[in-house]
Amino acid sequence: MAPRLQLEKAAWRWAETVRPEEVSQEHIETAYRIWLEPCIRGVCRRNCKGNPNCLVGIGEHIWLGEIDENSFHNIDDPNCERRKKNSFVGLTNLGATCYVNTFLQVWFLNLELRQALYLCPSTCSDYVLGDGIQEEKDYEPQTICEHLQYLFALLQNSNRRYIDPSGFVKALGLDTGQQQDAQEFSKLFMSLLEDTLSKQKNPDVRNIVQQQFCGEYAYVTVCNQCGRESKLLSKFYELELNIQGHKQLTDCISEFLKEEKLEGDNRYFCENCQSKQNATRKIRLLSLPCTLNLQLMRFVFDRQTGHKKKLNTYIGFSEILDMEPYVEHKGGSYVYELSAVLIHRGVSAYSGHYIAHVKDPQSGEWYKFNDEDIEKMEGKKLQLGIEEDLEPSKSQTRKPKCGKGTHCSRNAYMLVYRLQTQEKPNTAVQVPAFLQELVDRDNSKFEEWCIEMAEMRKQSVDKGKAKHEEVKELYQRLPAGAEPYEFVSLEWLQKWLDESTPTKPIDNHACLCSHDKLHPDKISIMKRISEYAADIFYSRYGGGPRLTVKALCKECVVERCRVLRLKNQLNEDYKTVNNLLKAAVKGNDGFWVGKSSLRSWRQLALEQLDEQDGDAEQSNGKMNGSTLNKDESKEERKEEEELNFNEDILCPHAFFFFFNFFFLNSGELCISENERRLVSKEAWSKLQQYFPKAPEFPSYKECCSQCKILEREGEENEALHKMIANEQKTSLPNLFQDKNRPCLSNWPEDTDVLYIVSQFFVEEWRKFVRKPTRCSPVSSVGNSALLCPHGGLMFTFASMTKEDSKLIALIWPSEWQMIQKLFVVDHVIKIMRIEVGDVNPSETQYISEPKLCPECREGLLCQQQRDLREYTQATIYVHKVVDNKKVMKDSAPELNVSSSETEEDKEEAKPDGEKDPDFNQSNGGTKRQKISHQNYIAYQKQVIRRSMRHRKVRGEKALLVSANQTLKELKIQIMHAFSVAPFDQNLSIDGKILSDDCATLGTLGVIPESVILLKADEPIADYAAMDDVMQVCMPEEGFKGTGLLGH
């Protein structure tokens, strides 16, 4: 089928030769495209929206032919959540709790630990009544042991594929969104469990942690002089093995037991010799536990970066480990079998994923425990400790070759070995009756859920089958052909065929024209269907109004025909008017037309015709291929589209404002000839055909008299302002040019009095003198801004010579006399020099009038200091230095300020509202304008910010910071700006080193506009640690505040 635009043109091509009064029923049906050929399935690839008879590609393909029942629902098979036969139960990852899940699975498969926990008394006996468990009450374990009991019982006998450990995690107070150190978790939890079980009476329960995991070694120190041995006995629950520089597990164990020499400053004080002697120290293994935990120290502290990092080196280990060579007392059974490998996937110490490879002690088969998913490892999959990295490193080393019975891993961080025995493991551990009852209840809930889901699936399938039969039957009867027909929206038909949404009643209101019939422009979103199918649709789903053959609107078709003919004529008239505009206008026969209206008159005419047509969707000028003038900018149209043709040359008095709307009076011609153009009488008559109500201005028409008066007054005001500026500049030349200014620190000898005005007043006055036609004249000195609410001066003599010198301007007495004549002076502020005492030379004192207000001065200083310590989103500057010299980089020229920019130009960029009312008084009243203390402080802050702004130089970078931000967070910002890692940054401000990463910028004395010097250390060789740096923007809390530390 032809594209929609071609179908649109073909449907209305007859309008070029048919006048509106000659429109017939055949023309109407052609406009509504009644007799277009329907599309054929398989030939038409997608639905033709321009053809109401195309019923292909509306969603019918999923219903025709045989359909899989699974497509009738979006409910997963509940049996997928069921535990498979002879498999283990998984644990839900609650966010970042994979490290907890791996240890729970390892401990669960320790049969002795599981049996001992089942023997631990429980408060569940209060929960179980004589007839069983209370149905209306859920079981809530009270202690860590009870949580482990319940979890282990569910892991053993649950029918679910995985269970939720949130109760256990919540009882420990762990943050589910933060990944923690797995090795630290193992140590802390074992310690907590041992402490909890120590209160039990049953020795098999009380001592289970020691029996399973606890060994003993001694720190032995031997004096080289007398041979005396000193032993320090210590228990251990795991051996922490350094892996740096090693390739085999046995090498790591040997280094752990290696003899250390104590010499030089590190000599040992021998109790026998009573003096420091050279000695040797080593660890001797005295006894080993049944379960030997070997922690491979993959996560180490990097002194160079100040953070943890992961060692991704391969370590080889065997399935059988003979520990006899390493223990002191020979002759025992010290052969261990590998039972679990705990793995961390990921290159960073602060992210990644934990999984476990664990051996079933009963079957001897290996399983991969990955949260909810558990997979049996056999054949080629039996590669212990091998997992694909989440983020492959660029510098990955090749995996070493391993012989039979040996493995090697770059991600294993803990190896669990079990003491090898000749006896086979005991039969399956039995779940106590009270726990089994809880598990049975949970299984019953699961079975009920499975039945409910299966029933919902069945209902969806039955409903889908019924819908399938309905669609197969009705779709064949949808095409109308020559029989009676109706129109239904394409959107409704698509929703009817969409299985994911319920079918709503038919709603055709959006397709109606103003005559309550089918709008011809809406035919592209409608489909013509048979009356038979329409009857079934309305009987089953309801809705309306029904659009039969009587819904074809003759009035709309006739109006569209008229508009199209006008538009075709418009194109010809557009060319004619353009040719007429090229000719010169003779005599006084011309008419004034706005230049803006001339640029867009065709578009205005199109919009006017579209409005008459009642089609708002086509009112943006894209009808029959006609488009806007491409050279016309959006900014120009924004104002023009609010005006009708030729209203752009009306004077402002032609409009009046009433209830938020502009209304047009009988307007006058504007005085600006730049905005209008004279056109010939012939051109105007053509334009008037399209805009009969447009304002008409013959060439002899006079301009608006009010506008002329205002223009004349404006010219007089500009002349007056120039005269005032010239007079003031002549009267105060040195003040204007900032020459020969007095200085308080070097008091001039020829006067004992100096006057003070605000520097803001001087700057505003200079702006007016420079550009009197663009700036308003300054009428008042506004010295009230320098006084407190009590009328006292806010500056000391010392501060006016230093930090406050940029807030005031000193005036000579002769200048002050002239200022009093030229401006309204609200308050006189002066500094006087007096000689005190009879001693020669006499003491010189400086007093102000009015005098200083100590209370307000102190309040201002306190407020300023508080503002400097409590800022948010303030700007500071960071300067990179090399060898204590500032580096001027050309890498960021856009950050620099041109030195040629005048202060005057900078000030003009200030918003209009940022002016002090004291300097905008139009009348000459000398009454002081009172301001509050808060307003005064706000004014001071405004002046300080303007006057003391730091001038950024080339190579300096500005950062937005807040006072409560830590130094570590600032270093992260600096890293992004300068590509210098935080651990390579040496920061200082005013000679003070900034080193406390946890301190806030406010406490470190970093204030707005501060300049911080950055000296970068030489970059380290391995920048893979950059990922770790990003992970530790906030201080590590570890397990602080959790139940593992007794909280």
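Structure first, text after, so check above.
On a predicted model such as this, the values are computed, not experimentally measured, just so you know.

(A) Quick peek at the sheet that holds strand β32 (residues 808-811). The strand order across the open sheet built from four strands is β32-β31-β33-β34, with neighbouring strands paired in antiparallel fashion. Single-partner strands in this sheet number two, and they are β32 and β34 (843-849). Averaged over all pairs of adjacent strands, the angle between their axes in this sheet comes to 30°, without regard to strand direction. Sheet topology note: the strand β33 (residues 830-836)/β34 ladder contains seven bridges and is antiparallel. Each residue of the ladder has a partner; that of Lys830, found in β34, is Glu849. In the packing of helix α21 (residues 759-770) onto the sheet, contacts are made with β31 (753-758) and β32, and the angle to β31 comes to roughly 70°.

(B) Representation of the side chain of Glu194 in the model. Of note, Glu194 is situated in helix α8 (residues 182-197). Comment: no salt bridge for buried Glu194; closest opposite-charge side chain is Lys235, at 5.9 Å. Setting aside chain neighbours within four positions, we find Glu194 in contact with Val209, Gln210 and Tyr237.

(C) Main features of the packing of aromatic side chains. On inspection of all chains with the given rule, the structure shows 31 aromatic pairs. Aromatic pair Trp492 and Tyr541: ring centres 5.6 Å apart, planes at 70°, arrangement edge-to-face. You can see Trp492 sitting in helix α13 (residues 490-496) and its partner Tyr541 sitting in helix α14 (residues 531-541), a full 49 residues away along the chain. Across the pair, exposure class does not vary: Trp492 and Tyr541 are buried alike. In textbook terms, an aromatic cluster arises when at least three aromatic residues are bridged by ring pairs, as seen for Tyr99, Phe103, Trp107, Phe168, Phe185, Phe189, Tyr354 and Tyr413. Note that Arg528 overlies the ring of Tyr485, its terminal NZ or CZ placed 4.7 Å from the centroid. Just above the ring of Trp592 sits the side chain of Arg676; from NZ or CZ to the centre is 4.4 Å.

(D) Spotlight on a nonpolar patch on the surface. Where nonpolar side chains cluster on the molecular surface, the patch consists of Ile834, Val836 and Ile847 and spans about 190 Å² of accessible area. Relative to the helices and strands, Ile834 is located in strand β33.

(E) Inspection of the sheet that holds strand β8 (residues 260-262) at higher detail. Spatially, β6-β5-β11-β8 is the arrangement adopted by the four strands of the open sheet, whose pairing is antiparallel. Of all the strands in the sheet, the pair left with one neighbour each is β6 (229-236) and β8. For this sheet, the mean angle separating the axes of adjacent strands, direction not counted, is 25°. One ladder, built from three bridges, connects β8 with strand β11 (residues 279-287); its direction is antiparallel. Note that in β11 the partner of Glu260 across the bridge is Arg281.

Definitions and cut-offs
Residues numbered from 1 in each chain as written. Predicted model: local features only at pLDDT ≥ 70, side-chain atom pairs only at ≥ 80, totals over all residues. Heavy atoms only, no water. Pairing = 2+ DSSP bridges. Helix = DSSP H or I, 4+ residues; strand = E, 2+ residues; numbered from the N terminus. Axes fitted to C-alpha atoms, helices over the stretch in contact; angles between N-to-C directions. Contact = heavy atoms within 4.5 Å. Buried < 20%, exposed > 50% of the residue type's maximum accessible area, 1.4 Å probe, protein only. Lys, Arg positive; Asp, Glu negative; His and termini not counted. Salt bridge = Lys/Arg side-chain N within 4 Å of Asp/Glu carboxyl O. Phe/Tyr/Trp six-rings, centres within 6.5 Å; stacked < 30°, edge-to-face > 60°. Lys NZ or Arg CZ within 6 Å of the ring centre and 35° of its normal. Patch = residues over 30% accessible without salt bridge, like charges linked within 9 Å, V, L, I, M, F, W, Y side chains within 5 Å. Areas by Shrake-Rupley, 256 points an atom, 1.4 Å probe, with all protein chains shown as cover.

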